[in-house]
Amino acid sequence: MSEIYLDNNASAPLDPEVREAMLPYLGDVFGNSRSAHPRGTRIKAAIEHARAQVAALWGCDPGEVIFTSGGSEANNLSIKGLAFRATQRKHLVMSAVEHLAVSAAVRFLQRLGFSSTTVPVDGQARIDAAAFSAALRDDTLLVCIQHANNEVGTVQDVAALAARAHTRGALVHCDAAQSVGKLPVRVSELGADLCALAAHKFCGPQGIGALYVKRGLELEPLVHGAGHEHGLRSGTHPAALIVGLGRACELALQRQADDAARMTLLRDRLFEKLRGEVPSVVLNGHPTLRLPNTLNVSFPGVLGYELVEKLEGVAASTGAACHAGSPEMSLTLKAMGAKPDVGLGAIRLSLSRLTTEAEVDEAARRIGHAVRLSRPPAAP
């Protein structure tokens, strides 16, 4: 039985065209970008070309792109790097559905004397706008707004929230790890001062990400050394990974609209097929304002983590990948106020541009079969 991979929000497969772009830098084309000889200058040119490709996707200047080891480091560099330079403002705001890379960084800063406010979300994981406005203070340094939720896919109105934050003099960090490559993410349109991405979420390589830092902002580096990445992230550049990220961004810019339309159709087809298999299935998250590839559903009466463990031939998740196998309700569903039978019965199904219609139909059949096997037999 061939496996159907529907866990792309955890990590998407490497696009063959991205792999092809990386291969030379895993072989004969090697060197250090700081070296003055031809090998070094060739590597430097490849890195700067990739930086321009990332900038084109974000709609920013290449000098505002900082390469990191992934989305988690990008989020941490943004939040901690800004906080470590703060002198007056010592208050942070974040939503209740932020990724742990954001929320854990904020909690760490609380130990250093910062205060924070967590803004609640509604039953569809949308940030409460009134509560957000009330959370802003004269000493608010930064607000953290996830563009799209990694578990249920709900998309936030970052631009409107950012505008409110800016009126109070606060800066805006946007975790766009799940939305880049799936939705248009133009930093100026979002109103973001800082923005994070992770290559492997949109068919790029694992181990590489980037942080947008609006020109003029000063961050304290987390990794000190020889001053790579405009002094913000020292360490020898992983050329192959950076080239792969650049190519993934280039492909996303070319294909994003078509890919989103196709994945939306497949996502909705999957839900309809699941509803045919299990009429009691519940959709979690916003019905329309969500990622085109993400379907989070619950099967009341079935524990999601047990279903995923028993499910043969379909790779899925019970929520964020770092929570896989946990019998507890996911952080996002808790914040949404999900009832226990819904929250504990949730699984996340996430597609990529490589997912096929045949895979979607067969996955629905296999999931439906597994749900029926998992439910206790009806009393006679």
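That block above? That's the structure.
The text that follows walks through the structure, step by step, so that each part is easy to find. Residue positions are given per chain, counted from 1 along the sequence in the order it is written. In keeping with the predicted nature of the model, local features appear solely for residues at pLDDT of at least 70, side-chain atom pairs appear and are counted solely at 80 or more, and the whole-chain, interface and lining totals rest on all residues. Water and hydrogen atoms were dropped before computing side-chain values, which therefore reflect all heavy atoms in the structure.

### Some points on the overall build of the protein
Threshold: We count a stretch as a helix when DSSP gives it H or I for four or more residues in a row; a strand needs E for two or more, and each element gets its number in order from the N terminus. Only the C-alpha atoms count toward the radius of gyration. The rule for a globule is 2.2 Å times the residue count to the power 0.38. Classification of residues uses two cut-offs on accessible area relative to the type maximum, computed with a 1.4 Å probe and protein chains only: under 20% is buried, over 50% is exposed, and between them is partly exposed. What makes two residues a contact is simply this: any of their non-hydrogen atoms within 4.5 Å.
Helix and strand counts for the protein stand at 12 helices and 12 strands. At 21 Å, the protein has a C-alpha radius of gyration in line with the 21 Å of a compact globule built from 380 residues. In terms of its C-alpha atoms, the protein occupies a principal-axis envelope of roughly 80 × 55 × 30 Å. A total of 380 residues make up the protein; the buried ones form 54% of that total. When contacts within the protein are restricted to residue pairs at least 6 apart in sequence, those whose partners lie at least 24 apart make up 74%.

### What about helix α3 (residues 71–83)?
Filter applied, for reference: Each residue after the first adds 1.5 Å to the expected span of a helix.
The terminal C-alpha atoms of α3, which comprises 13 residues, lie 18 Å apart, in line with the 18 Å expected from a rise of 1.5 Å per residue. Among the 13 residues in α3, 12 count as buried, and that is most of the element. Residues Gly71, Glu73, Ala74, Asn75, Asn76, Leu77, Ser78, Ile79, Lys80, Gly81, Leu82 and Ala83 constitute the buried set of α3. Looking at the buried residues of α3, the elements they touch are β2 (65–68), α4 (100–110), β5 (140–146), β6 (171–175), β7 (194–198) and β8 (209–213).

### Points about the environment of Arg34
This is how it is decided: Any pair of nitrogen or oxygen atoms within 3.5 Å is treated as a polar contact; in protein, a donor-acceptor pairing is required on top of that, and neighbouring residues in sequence qualify only through side-chain atoms on both sides.
Examined against the element boundaries, Arg34 turns out to sit in the loop between α1 (16–22) and α2 (38–58). Along the backbone, Arg34 and Gln156 are 122 residues apart, and their C-alpha atoms lie at a distance of 40 Å. With sequence-adjacent residues up to four places away left out, Arg34 is seen in contact with Ala226, Gly227 and His228. Among the polar contacts made by the side chain of Arg34, one reaches the main-chain carbonyl oxygen of Gly227 at a distance of 3.2 Å.

### Focus on the sheet that holds strand β12 (residues 346–350)
What counts here: Think of it this way: DSSP has to see at least two bridges between two strands before they count as a pair. Helix axes are fitted to C-alpha atoms over the stretch in contact, other axes to C-alpha atoms as well, and angles between N-to-C directions run from 0 to 180 degrees.
Taken in spatial order, the three strands line up as β9-β10-β12 in an open sheet, and their pairing is antiparallel. Each end of this open sheet is capped by a strand with a single partner; those strands are β9 (282–284) and β12. Strand after strand, the sheet turns through a mean of 35° between neighbouring axes, direction not considered. Pairing geometry for strand β10 (residues 294–298) and β12, over five bridges, is antiparallel. Following the sheet pairing, Val297 is matched in β12 by Ile347.

### Re the packing of aromatic side chains
To describe a pair of aromatic rings, one takes the distance between the centres and the angle between the planes. Let me state the cut-off plainly: The aromatic pairing rule takes the rings of Phe, Tyr and Trp, using the six-membered ring of Trp, and pairs them if the centres are within 6.5 Å, calling planes under 30 degrees apart stacked, those over 60 edge-to-face and the rest tilted. Over a ring means this: the NZ of a Lys or the CZ of an Arg is within 6 Å of the ring centre and within 35 degrees of the ring normal.
Overall, the coordinates contain one aromatic pair when judged by the stated rule. The positively charged end of Arg39 is found above the aromatic ring belonging to Phe30, 4.3 Å away from the centroid. In this arrangement the basic side chain of Lys80 is found over the ring face of Phe108, its NZ or CZ atom lying 4.8 Å from the centre.

### Here's the deal with the pattern of salt bridges
Where charged atoms of side chains with opposite charge meet at close range, the side chains can pair. As a reminder of what qualifies: Within this document, salt bridges are pairs made up of a side-chain nitrogen of Lys or Arg and a carboxyl oxygen of Asp or Glu, the two lying within 4 Å of each other.
If you walk through the whole model with that rule in mind, you get 24 salt bridges. Where Arg247 meets Glu17, a salt bridge forms, and the shortest distance between an N and an O atom there is 2.6 Å. Note that Arg247 is positioned in helix α8 (residues 239–277) and Glu17 in helix α1, a separation of 230 residues in sequence. Note that Arg365 and Glu362 form a salt bridge whose closest N and O atoms lie 2.6 Å from each other.

### Let's talk about α8
Our working definition: One axis fitted to the seven residues ending at a residue, another fitted to the seven starting there: the angle between these axes is the bend at that residue.
If you check α8, its first and last C-alpha atoms are just 47 Å apart, much less than what 39 residues at 1.5 Å a residue would give, namely 57 Å. Approximately 65° is the largest bend angle found in α8, and it occurs at Arg255.

### Comments concerning unusual backbone geometry
Here Ala125, not a glycine, exhibits a phi torsion of approximately 75°, which is positive. Checked against the element boundaries, Ala125 lands in the loop between β4 (115–119) and α5 (129–135). According to the relative accessible area criterion, Ala125 is buried, its value standing at 0%. Of note in this structure, Cys203 is not a glycine but carries a positive phi near 70°. Along the chain, Cys203 falls in the loop between β7 and β8.

### As for a nonpolar patch on the surface
To keep it simple, the criterion reads: Residues enter patches when their relative accessible area tops 30% and they take part in no salt bridge; the joining distance is 9 Å for like charges and 5 Å for the nonpolar side chains Val, Leu, Ile, Met, Phe, Trp and Tyr. Calculation of accessible area relied on Shrake-Rupley with a 1.4 Å probe; when residues are assessed, cover is drawn exclusively from the protein chains displayed.
On the surface, a cluster of nonpolar side chains totalling about 310 Å² of accessible area is made up of Phe84, Leu112, Leu222 and Val223. On the secondary structure map, Val223 appears in the loop between β8 and α8.

### Describing the pairing of β8
The element β8 is extensively covered by neighbouring structure, given that five of its five residues are classed as buried. Side chains of β8 alternate between two faces, with Gly209, Leu211 and Val213 and Ala210 and Tyr212 buried alike. Examined bridge by bridge, β2 and β8 share four bridges and lie antiparallel to one another. The partner of Phe67 across the bridge, within β8, is Ala210. Of the strand pairs in this sheet, β7 and β8 are connected by five bridges, and their pairing is antiparallel. Residue pairing for β8: Ala196 is matched across the bridge by Leu211.

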